[in-house]
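# Geometric and topological summary
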Amino acid sequence: MKPEPPLRLVLDSEALVSNWRRLGELSGKARAGAAVKADAYGLGASRVVQVLAKAGCRDFFVAYAAEAAELEGIVDPSHMCVLHGPLNDADTAFLIARKIRPTINSLEQAQRWLVAGGGACDLMVDTGINRLGLPMSELGNELVARLEVQVLMSHLASADEDSPLNAQQRARWIETRALIKARDYSLANSAGIVLGPEYHGTLTRPGLSLYGGIPRPELEGEIAQVIRPQVAIMQVRDVDAGETIGYNATFTASSPMRVGVVALGYADGYLRAWSGKGMLRSSDGAVLPVLGRISMDMTVVNLFAAPHLKAGDWLDLDYSLPQAAGISGLSQYELLTLLGRRFARPQA
Ligand SMILES: *Cc1c(COP(=O)(O)O)cnc(C)c1O
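Here's a quick rundown of the structure. (Residues numbered from 1 in each chain as written. Predicted model: local features only at pLDDT ≥ 70, side-chain atom pairs only at ≥ 80, totals over all residues. Heavy atoms only, no water.)

### Some points on the overall build of the protein chain
For the protein chain, the helix and strand inventory stands at 11 helices and 19 strands. For the C-alpha atoms alone, the extent of the protein chain along its principal axes is close to 75 × 45 × 35 Å. Within the protein chain, the proportion of its 348 residues that are buried is 52%. A separation threshold of at least 6 residues defines the contact pool for the protein chain, and within that pool the share at least 24 residues apart is 63%. Counting only carbon and sulfur atoms, one obtains 52% of the accessible surface of the protein chain, whose full area is about 15700 Å². Treating the 34 positive side-chain charges of the protein chain as one cloud and the 37 negative ones as another, the clouds have centres 3 Å apart. (Helix = DSSP H or I, 4+ residues; strand = E, 2+ residues; numbered from the N terminus. Buried < 20%, exposed > 50% of the residue type's maximum accessible area, 1.4 Å probe, protein only. Contact = heavy atoms within 4.5 Å. Areas by Shrake-Rupley, 256 points an atom, 1.4 Å probe, with all protein chains shown as cover. Lys, Arg positive; Asp, Glu negative; His and termini not counted. Charge placed at Lys NZ, Arg CZ, Asp CG, Glu CD.)

Now the structure itself:
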């Protein structure tokens, strides 16, 4: 038997499905797809895609061809879309052989795709984020006219804010829809879905909120927490008054105390931002504050509220995304994608 790592990322697949369904309802006449790039924001793309595909999702967005390759055999290739497009000839050959659609982001990519004889693709038009995407001034190019576009999309820069850029981008996207024929029209990410029906088109692309993130107040009460990071206690120790804990001795015990050392550190994405601020919980709900600095693969917690705990017991990390973002100063996106390779990701 292989040894199990002392930390695991438990996935609540019912919450995942319920978030996807709710985002679908909030998308009105449009259907909701799923952004599963970056290993489904760190949750484990293969388990996330399996759960969502079973629930009926049929539009999965990854970033690179290599991410699509990791999902081979798990999802129908025609249900996958590679957002960054064919970056080179090797990508192009892979995508054509597997019949996976790239998103074309420039005339250069359009040329690469057409020369190789690529078929159906998606098209990203830049309406104001100035990242990837074809500038609107190039929409009339003859290469674009030759593309067989399935999803015509654009991406909002400030959907999580009340910015005039949102309406401006929406208006430009509606202009592009008059110029390019496509099967589907897609603009909204998670936050964009609640900006209103005129942002929906026929397909939305939530990521963050599928996984429990709440980027706008309209989504409060609609979205459930999906992940539960858990970590095992490696050692319990008793510390005398006046002793310090951890690197640089930033915490001093004012009275004798019992502490637990858990197998979680900044190498796992539990950054030093949590030093003296983070919170863990015992299985019966006792609150265990983090003491002193986070180390690379260790954190010390106060066991005052649960002195019966012992080595081998599992603790839950307080990681409710909006609150955790407020405490740590990290974004909800960072909180998810930071959780490292050392977490076991048991099949849902
Ligand atoms: C990541 C991404 C999304 C999902 O965005 P969220 O804010 O996580 O909902 C949608 N569309 C594109 C093009 C993306 O890159």
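That was the structure; now back to the text.
### A short note on the site of the ligand
The ligand sits among 13 residues. The nearest are Lys37, Tyr41, Ser190, Leu208 and Tyr333. Here an oxygen atom of the ligand sits 2.6 Å away from a polar atom, N or O, in the side chain of Lys37. One nitrogen or oxygen atom from the side chain of Asn189 is found 3.1 Å from an oxygen atom belonging to the ligand. Burial of the ligand by the protein amounts to 93% of the accessible area it has alone, namely 390 Å². Taken together, the residues that form the shell around the ligand break down as seven nonpolar, four polar and two charged. (Near = heavy atom within 4 Å. Polar contact = N/O pair within 3.5 Å; in protein donor to acceptor, adjacent residues only side chain to side chain. Nonpolar A, V, L, I, M, F, W, Y, C, P; charged D, E, K, R; others polar.)

### As for helix 1 (residues 13–26)
Spanning 14 residues, helix 1 covers 20 Å between terminal C-alpha atoms, matching the ideal 20 Å at 1.5 Å per step. Turning to helix 1, its buried residues number three or more, namely Ala15, Leu16, Val17, Asn19, Trp20, Leu23 and Gly24. Turning to helix 1, the residues buried within the fold contact strand 2 (31–32), helix 3 (45–55) and helix 9 (190–193). At the N-terminal boundary of helix 1, the capping side chain belongs to Asp12, with an oxygen 3.2 Å from the backbone nitrogen of Glu14. (Expected span 1.5 Å × (residues − 1).)

### Quick word on the side chain of Gln150
Its location among the elements puts Gln150 in strand 9 (residues 149–153). At a separation of 2.8 Å, a polar atom in the side chain of Gln150 contacts the side chain of Arg183. Apart from residues lying up to four places away in sequence, Gln150 is in contact with Arg101, Ala120, Cys121, Asp122, Ala182, Arg183 and Asp184.

### Considering the pairing of strand 15 (residues 257–262)
The buried fraction of strand 15 is high, at five of six residues. The sheet contact formed by strand 12 (residues 227–239) and strand 15 spans six bridges and is antiparallel. Each bridged residue has a counterpart across the sheet, and for Val239 the counterpart in strand 15 is Met257. Pairing analysis gives four bridges linking strand 15 to strand 18 (residues 299–302), with the strands arranged antiparallel. Bridging from a neighbouring strand, Val262 pairs with Thr299 of strand 18. (Pairing = 2+ DSSP bridges.)

### Topic: the packing of aromatic side chains
Counting across every chain of the model gives four aromatic pairs. Both rings, one in Tyr41 and one in Tyr333, keep their centres 6.3 Å apart while their planes meet at 40 degrees; by these two values the pair is tilted. A residue pair is termed long-range when its members are at least 10 positions apart, and Tyr41 in helix 2 (residues 37–41) and Tyr333 in helix 11 (residues 332–338) qualify at 292 residues. The class of Tyr333 is partly exposed, set by a relative accessible area of 36%. Here the aromatic rings of Tyr270 and Trp274 are separated by 5.3 Å at their centres, their planes lie at 10 degrees, and the arrangement is stacked. Pair check on accessibility: Tyr270 and Trp274 agree, each one buried. Its end group placed over the ring of Trp173, Arg177 keeps NZ or CZ at 4.8 Å from the ring centre. (Phe/Tyr/Trp six-rings, centres within 6.5 Å; stacked < 30°, edge-to-face > 60°. Lys NZ or Arg CZ within 6 Å of the ring centre and 35° of its normal.)

### Side note on the pattern of salt bridges
Side chains bearing opposite charge may pair, as long as their charged atoms lie close to each other. Per the counting criterion, the structure on display carries 18 salt bridges. The closest approach of N and O atoms between Arg228 and Asp316, which form a salt bridge, is 3.2 Å. Of this pair, Arg228 sits in strand 12 while Asp316 sits in strand 19 (residues 314–317), and the two are 88 residues apart along the sequence. Relative accessible area serves as the criterion here: at 45%, Arg228 is assigned to the partly exposed category. A salt bridge links Asp297 to Arg342; the nearest nitrogen and oxygen atoms lie 3.6 Å apart. With a gap of 45 residues between them, Asp297 in the loop between strand 17 (287–291) and strand 18 and Arg342 in the segment after helix 11 connect regions that are remote in the sequence. (Salt bridge = Lys/Arg side-chain N within 4 Å of Asp/Glu carboxyl O.)

### Here's the deal with the environment of Gly265
Positionally, Gly265 belongs in the loop between strand 15 and strand 16 (279–281). When the C-alpha positions of Gly265 and Ala182 are compared, they lie 47 Å apart, and in sequence the two are 83 residues distant. Those residues within four positions of Gly265 in sequence are excluded, and the remaining contacts are Tyr270, Ile294, Ser295, Met296, Asp297, Met298 and Thr299.

### Considerations on the packing of helix 1 against helix 3
For the pair helix 1 and helix 3, interaxial distance at closest approach is 10 Å and the crossing angle is 55 degrees. Here helix 3 runs oblique to helix 1, going by the angle between their axes. For the pair helix 1 and helix 3, the sense of crossing is right-handed. Along the contact surface, helix 1 presents Ser13, Leu16, Val17, Trp20 and Arg21, while helix 3 presents Val48, Val51, Leu52 and Ala55. A per-class count over the contact of helix 1 with helix 3 returns seven nonpolar, one polar and one charged. (Axes fitted to C-alpha atoms, helices over the stretch in contact; angles between N-to-C directions. Parallel < 35°, antiparallel > 145°, perpendicular 65-115°, else oblique. Left-handed = near helix turned anticlockwise from the far one by under 90°.)

As far as function goes, none of this settles anything; it's purely spatial.
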